[in-house]
Amino acid sequence: MEIFNINHTLFILWGYNVCLLELVGVVLGVCSVWLATQGKAVNFLVGIVGMSFLGVFFYQKGLYSSLILQIILICFCAYGYYNWTKPKKGEKTANQQKKITLLTHSQRLLLISVILLFVGIWGSMMVFAKPDFLKVIFPENYSHFGLGYADSYILIVAMLGMYLRTQKKYENWFLFLSSDTMGIILYTLTGAYFVVLMCSIYWLLDIKAIISWRKEMKSYNS
């Protein structure tokens, strides 16, 4: 259907053509993150719908790592909803919600190592040595190798961040803060300005969540 094409303009905002895929994805994405800052499990269900729209948008835009990210995040959202609504006995708060927990220092070092390793591997593969199976799926090349690594960084970091969110780990917000910062840069360079707006709102919500989740963790001791 023409309405699901990125060239089909719903309205023009500040000289930028906004399409349905981008609009719905952005609005639902922001709602999902806001619900997550409140500790609401329904954030995952809202996220599934929003990411589905953004996945199609990124495919048509040629941002392939971002497309793969949406597919992976949808799977994580399904798991996250189950994990948050079915916490184990030792993971429950007084009001039967899943507790927020922290990574150990060794887990944080491992996390950083995994990010550096896989961003390097995936970015190099997408930019310099794209395998045949990826060429079939993603025939176009990045206009600059830096975009490929930035796209890969968002993929790896946001994917790990979402996994940590399914476990209700506090550090997930720092990963998303980093990923959203890179997203603001990448999507500005590629002209996806409405997604830039989404990432900017995400960035503010990340800060809010870092503060509010820390307060909740302190309340466990009191």
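Scroll up a little and you will see the structure.
These lines cover the structure that appears in this document, whether it is placed above or below. Because the structure is a prediction, the values reported are computed rather than measured.

## Comments concerning the overall build of the protein chain
In step 1: Across its full length, the protein chain carries eight helices and two strands.
In step 2: Secondary structure elements of the protein chain occur, N-terminal to C-terminal, as β-β-α-α-α-α-α-α-α-α.
In step 3: Taking contacts inside the protein chain between residues at least 6 apart in sequence as the whole, the part at least 24 apart equals 68%.
In step 4: Split by element, the accessible area of the protein chain, about 11500 Å² in all, is 68% carbon and sulfur.

## So, the packing of aromatic side chains
In step 1: Following the criterion strictly, the structure yields seven aromatic pairs and no others.
In step 2: Summarising the aromatic geometry, the rings of F76 and Y163 are spaced 6.0 Å apart at their centres and angled 55° between planes, so their arrangement reads as tilted. With F76 in helix α3 (residues 64–85) and Y163 in helix α6 (residues 145–166), this pair connects stretches of sequence that are 87 residues apart.
In step 3: Pairing W173 with W213 gives two aromatic rings, centres 5.5 Å apart and planes at 85°, and the pair type is edge-to-face. Note that W173 is positioned in helix α7 (residues 172–189) and W213 in helix α8 (residues 193–221), a separation of 40 residues in sequence. Both residues of the pair, W173 and W213, count as buried.
In step 4: By way of ring pairs, the aromatic residues F44, W84, W173 and W213 are connected into one cluster.
In step 5: Across the ring face of W173, the terminal group of R165 is positioned such that the distance to the ring centre comes to 4.2 Å.
In step 6: For R165, the ring lying beneath its charged end belongs to F176, and the centroid distance is 4.3 Å.

## Description of the side chain of R165
In step 1: Residue position: R165 is located in helix α6.
In step 2: There is no salt bridge for the buried R165, and the closest opposite charge comes from D206, which lies 5.0 Å off by N-O distance.
In step 3: Beyond its immediate stretch of four places on either side in the chain, R165 contacts A36, N43, F44, W84, N172, W173 and F176.

## A closer look at the environment of S113
In step 1: One can find S113 in helix α4 (residues 105–127).
In step 2: Residue S113 is classed as partly exposed on the basis of its relative accessible area, which comes to 43%.
In step 3: A distance of 3.0 Å separates a polar atom in the side chain of S113 from the backbone oxygen of L109.

## Some thoughts on the packing of α7 against α8
In step 1: Axis separation between α7 and α8 bottoms out at 8 Å; the angle between their running directions is 160°. By the criterion of interaxial angle, the relationship of α7 to α8 is roughly antiparallel. Relative to α8, α7 is oriented so that their crossing is left-handed. Between α7 and α8, the contacting residues are N172, W173, F174, F176, L177, D180, T181, G183, I184, Y187 and T188 on the first element and Y193, V195, V196, C199, S200, Y202, W203, D206, I207, A209, I210 and W213 on the second.
In step 2: Among the residues forming the contact of α7 with α8, the class breakdown is 16 nonpolar, five polar and two charged.

## Details of helix α1 (residues 20–37)
In step 1: Along its 18 residues, α1 runs 26 Å from first to last C-alpha, staying within 8% of the 26 Å computed at 1.5 Å per residue.
In step 2: What α1 keeps buried is the set L20, L21, E22, G25, V26, G29, V30, S32, V33, L35, A36 and T37.
In step 3: Where α1 ends, the next residue or the one after it, G39, has phi of about 75°, a positive value.

## With respect to the nonpolar core
In step 1: Counting residues in hydrophobic clusters, the biggest one holds 59 residues, and the most contacted among them are F58, M162, Y187, V195 and M198.
In step 2: Looking at this core, the elements that each hand over two or more residues are β2 (16–19), α1, α2 (43–61), α3, α4, α6, α7 and α8.
In step 3: When residues of this core are assigned to their parent elements, the largest contribution, eleven residues, is made by α8.
In step 4: In contact with F58, not counting residues within four places along its chain, are L63, S66, L67, Q70, Y187 and V195.

## Some details on the environment of I3
In step 1: Of note, I3 is situated in the segment before β1 (9–13).
In step 2: Distance from I3 to L21, taken between C-alpha atoms, is 8.5 Å for residues 18 residues apart in sequence.

Definitions and limits used
- Residues numbered from 1 in each chain as written.
- Predicted model: local features only at pLDDT ≥ 70, side-chain atom pairs only at ≥ 80, totals over all residues.
- Heavy atoms only, no water.
- Helix = DSSP H or I, 4+ residues; strand = E, 2+ residues; numbered from the N terminus.
- Contact = heavy atoms within 4.5 Å.
- Areas by Shrake-Rupley, 256 points an atom, 1.4 Å probe, with all protein chains shown as cover.
- Phe/Tyr/Trp six-rings, centres within 6.5 Å; stacked < 30°, edge-to-face > 60°.
- Buried < 20%, exposed > 50% of the residue type's maximum accessible area, 1.4 Å probe, protein only.
- Lys NZ or Arg CZ within 6 Å of the ring centre and 35° of its normal.
- Lys, Arg positive; Asp, Glu negative; His and termini not counted.
- Salt bridge = Lys/Arg side-chain N within 4 Å of Asp/Glu carboxyl O.
- Polar contact = N/O pair within 3.5 Å; in protein donor to acceptor, adjacent residues only side chain to side chain.
- Axes fitted to C-alpha atoms, helices over the stretch in contact; angles between N-to-C directions.
- Parallel < 35°, antiparallel > 145°, perpendicular 65-115°, else oblique.
- Left-handed = near helix turned anticlockwise from the far one by under 90°.
- Nonpolar A, V, L, I, M, F, W, Y, C, P; charged D, E, K, R; others polar.
- Expected span 1.5 Å × (residues − 1).
- Core = buried A, V, L, I, M, F, W, Y, C linked by side-chain atoms within 4.5 Å.

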